[in-house]
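# Inside the fold
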Amino acid sequence: MRGTTTAPERSFLVGLIGAGIGPSLTPAMHEREAAALGLRLVYRTIDIDVLDLPPEAVGELVRSAPHYGFDGLNITHPCKQLVLPHLDRLAPDAAALGAVNTVVFDGRTAVGHNTDWSGFLGSLEAGLPGARRDRVVLLGAGGAGAAVAHALFTSGTGDLVIADRDVGRARDLARGLAARFPGGSCTAIPPEDLPAHLARADGLVNATPMGMADHPGLPLPAELLDPSTWVADLVYRPLRTALVTAAERRGCPVLPGGRMAVLQAVEAFELITGLTPDRDRVYAHFAELTAD
Ligand code: NAD
């Protein structure tokens, strides 16, 4: 009797490269959504702290990943910029931003993408629909701040003020943005100058680590929060940060960081597998994982 043969099921191997990523929720989000879609997907963390490797090792790790069968990678702190020279191609948004959080392997060719900026924009549009964003104050000029700034200027913000403890970093980001978005106005300030700028802002975005479990507290004095200004926090662990709580108490519309975390993961999943995840289902799973 002749046996029936079926094509072998396509399976995926995905990884996350970064430092201190043991508690990351991304592996669980990808694996559970893959299972719900009937897909075999294994997601591994490649923690440079655990491996005792310097951040620069990201190049060698990314170059070897396709040899070990990886279909794609997520890249996180502190490797999002360091990985750039080790990629074969960059999607235009990743090239403009100078940061990559997703790598897709097409054979041995490594293509870099950035889903942080689109994840932030999607979360802003879903979480604060119709909110004015002509004038926005951004706290933090690191990789996350750069993604937020790109999202805001791409979607109509005309006036962005960037405050960072490291004013040089804010200036560098503002200079790059001014070159890419010549129609917009971008100003770098030290945090002491926030009161004057916040008084005229439609929205405030926190892209500093302040509020994370290991950086507790507020990134600015609560008295500066005005109910006419919406407040978005990128920090999502805990989901309800000190800033989100303080802003709500002052009557501000708020956008916690969870939705961005989910959307950037959903978009990375789609780039790597070619399948569209169910956003609401991933968000529900994320909410379950982050419930107190
Ligand atoms: P980073 O360390 O590269 O940059 C943070 C910047 O904030 C630094 O330039 C630092 O000088 C500045 N800063 C710190 N405290 C400050 C303060 N009180 N006032 C003004 N500036 C201050 O970090 P990053 O990679 O840009 O990430 C920042 C945070 O964004 C992370 O801690 C993470 O919680 C969050 N994040 C969330 C998502 C998401 O999906 N929700 C995605 C990426 C990052």
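Here's what I pulled together on the structure shown here.

## Here we look at the sheet that holds strand E12 (residues 254-255)
Spatial ordering of the open sheet is given by E9-E8-E7-E10-E11-E12, a layout of 6 strands whose pairing is parallel. In the strand order of this sheet, the two ends are held by strand E9 (185-189) and E12, each with one partner. Contacting strand E7 (135-139), strand E8 (159-163), E9 and strand E10 (203-206), helix H5 (residues 143-154) crosses the sheet at an angle of about 170 degrees to E7.

## Some details on the pairing of strand E2 (residues 40-47)
Where strand E1 (residues 11-18) and E2 come together, 8 bridges link them in parallel fashion. Pairing of valine 14 across the sheet is with tyrosine 43, part of E2. At this point the chain moves from E1, through helix H1 (residues 26-36), to the parallel E2, and the crossover so formed is right-handed.

## A short note on the pattern of salt bridges
This structure, assessed with the given rule, holds 10 salt bridges. The shortest N-O distance in the salt bridge between arginine 132 and aspartate 202 comes to 3.7 Å. Placement of arginine 132 in the loop between helix H4 (116-127) and E7 and of aspartate 202 in the loop between helix H7 (194-198) and E10 is noted, with a sequence separation of 70 residues between them. Relative accessible area serves as the criterion here: at 55%, arginine 132 is assigned to the exposed category. The salt bridge involving arginine 175 is made with aspartate 172; its shortest N-O contact spans 2.7 Å. You can see arginine 175 and its partner aspartate 172 sitting in helix H6 (residues 167-180), 3 residues apart, about one turn around the helix. One salt-bridge network, in which partners are shared between bridges, spans Arg132, Asp134 and Asp202.

## Some words on the site of the ligand
In the region of the ligand, 20 residues are neighbours, and Ala144, Asp164, Arg169, Met212 and Leu234 sit closest. Residue arginine 169 places a side-chain N or O atom 2.9 Å away from an oxygen atom belonging to the ligand. A distance of 3.2 Å separates a nitrogen atom of the ligand from a polar atom in the backbone of glycine 257. Alone, the ligand offers 870 Å² of accessible surface; in the complex the protein occludes 84% of this. Elements that contribute at least two residues to the shell around the ligand include exactly H5 and helix H9 (258-273). Among the elements that take part in the shell around the ligand, H9 stands out by supplying 3 residues, more than any other. Partitioning the shell around the ligand into residue classes produces 11 nonpolar, 6 polar and 3 charged.

Criteria and cut-off values
Residues numbered from 1 in each chain as written. Predicted model: local features only at pLDDT ≥ 70, side-chain atom pairs only at ≥ 80, totals over all residues. Heavy atoms only, no water. Pairing = 2+ DSSP bridges. Helix = DSSP H or I, 4+ residues; strand = E, 2+ residues; numbered from the N terminus. Contact = heavy atoms within 4.5 Å. Axes fitted to C-alpha atoms, helices over the stretch in contact; angles between N-to-C directions. Right-handed = clockwise from strand over helix to strand, strands pointing away. Salt bridge = Lys/Arg side-chain N within 4 Å of Asp/Glu carboxyl O. Buried < 20%, exposed > 50% of the residue type's maximum accessible area, 1.4 Å probe, protein only. Near = heavy atom within 4 Å. Polar contact = N/O pair within 3.5 Å; in protein donor to acceptor, adjacent residues only side chain to side chain. Areas by Shrake-Rupley, 256 points an atom, 1.4 Å probe, with all protein chains shown as cover. Nonpolar A, V, L, I, M, F, W, Y, C, P; charged D, E, K, R; others polar.

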